[in-house]
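Fold and geometry: a report
So you can see what is in the structure, the chains are spelled out below.
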Amino acid sequence: MDFNITAGEDVVVFHVASLVQDGLSPTDDDLAEELGEEVRPVLQPLMGKGWLVVDEDRELALSTIARHVVSSRTDAEGPRA
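Residues numbered from 1 in each chain as written. Predicted model: local features only at pLDDT ≥ 70, side-chain atom pairs only at ≥ 80, totals over all residues. Heavy atoms only, no water.

**Observations concerning the overall build of the chain**
Put simply, the rule is: Strands here mean DSSP runs of E at least two residues long; helices mean DSSP runs of H or I at least four residues long; both are numbered from the N terminus. Only protein chains enter the calculation, and the probe is 1.4 Å; a residue is then buried if its accessible area is under 20% of its type maximum, exposed if over 50%, and partly exposed in between.
Each helix and strand counted, the chain has 4 helices and 2 strands in total. Reading the chain from its N terminus to its C terminus gives the helix and strand order α-α-α-β-β-α. Each principal axis of the C-alpha atoms in the chain carries an extent, and together these give about 30 × 25 × 25 Å. Out of the 81 residues in the chain, the part that is buried amounts to 31%.

As structure tokens, this is what we get:
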């Protein structure tokens, strides 16, 4: 897993984490509809770096390690706005 992510990637990771925590299973299309098409080029690097995983239904989720990192950062810094 590549722990070096950009600020834009960080925002997307925390957004996906928030959606999943709310019980949603977003796809890339869902994120593009919500955040704009410019989110699509951010998703592939996050998958390549091991932050996001995609299932057979194209639903995005955080990898196991990413869930731990997000959880640890949320605990230390409080929830992101």
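**Notes on helix 1 (residues 7-21)**
Operational definition: Multiplying one less than the number of residues by 1.5 Å gives the expected span of a helix.
Along its 15 residues, helix 1 runs 21 Å from first to last C-alpha, staying within 8% of the 21 Å computed at 1.5 Å per residue. All of the buried residues in helix 1 are Glu9, Asp10, Val12, Val13, Phe14, Val16, Ala17 and Leu19. The first or second residue beyond helix 1 is Gly23, which carries a positive phi of 90 degrees.

**Here's the deal with a nonpolar patch on the surface**
Put simply, the rule reads: Patch criteria: residues need more than 30% relative accessible area and no salt bridge. Like-charged residues are merged within 9 Å; nonpolar side chains of Val, Leu, Ile, Met, Phe, Trp and Tyr are merged within 5 Å. The protein chains shown are the only cover counted for residues, whose accessible areas, like all others here, come from Shrake-Rupley with a 1.4 Å probe. The rule for a salt bridge is simple: a side-chain nitrogen of Lys or Arg has to be within 4 Å of a carboxyl oxygen of Asp or Glu.
On the surface, Met1, Phe3 and Ile65 cluster together into a nonpolar patch covering about 290 Å² of accessible area. Positionally, Met1 belongs in the segment before helix 1. You can call Met1 partly exposed: its relative accessible area is 38%.

**A look at the packing of aromatic side chains**
Rule in force here: Aromatic pairing here means that ring centres of Phe, Tyr or Trp (its six-membered ring) are within 6.5 Å. Orientation follows from the plane angle: under 30 degrees is stacked, over 60 is edge-to-face, and everything else is tilted.
Applying the stated criterion across every chain, the model contains 1 aromatic pair. The interplanar angle of 85 degrees and the centroid separation of 6.3 Å between the aromatic rings of Phe3 and Trp51 together place this pair among those described as edge-to-face. In this pair, Phe3 is assigned in the segment before helix 1 and Trp51 in the loop between helix 3 (40-48) and strand 1 (52-54), connecting sequence segments 48 residues apart. Given a relative accessible area of 2%, Trp51 falls into the buried group.

**Some points on the environment of Glu37**
Stated formally: The definition of a polar contact used here is a pair of N or O atoms within 3.5 Å, where within protein one atom must be able to donate a hydrogen and the other to accept one, and adjacent residues in sequence count solely through side-chain atom pairs.
Looking at the secondary structure, you find Glu37 in the loop between helix 2 (28-35) and helix 3. Placed 13 residues apart in sequence, Glu37 and Gly50 show a C-alpha to C-alpha distance of 22 Å. Separated by 2.7 Å, the side chains of Glu37 and Arg40 make a polar contact.

**Observations regarding the side chain of Lys49**
Heads up, the rule is: The contact definition used throughout considers only heavy atoms, calling two residues in contact when any of these lie within 4.5 Å.
With respect to the helices, strands and loops of the structure, Lys49 is situated in the loop between helix 3 and strand 1. Of note is the side chain of Lys49, whose polar atom sits 3.1 Å from the backbone oxygen of Asn4. Apart from the residues within four sequence positions on either side, Lys49 is in contact with Met1, Asp2, Asn4, Ile5 and Glu9.

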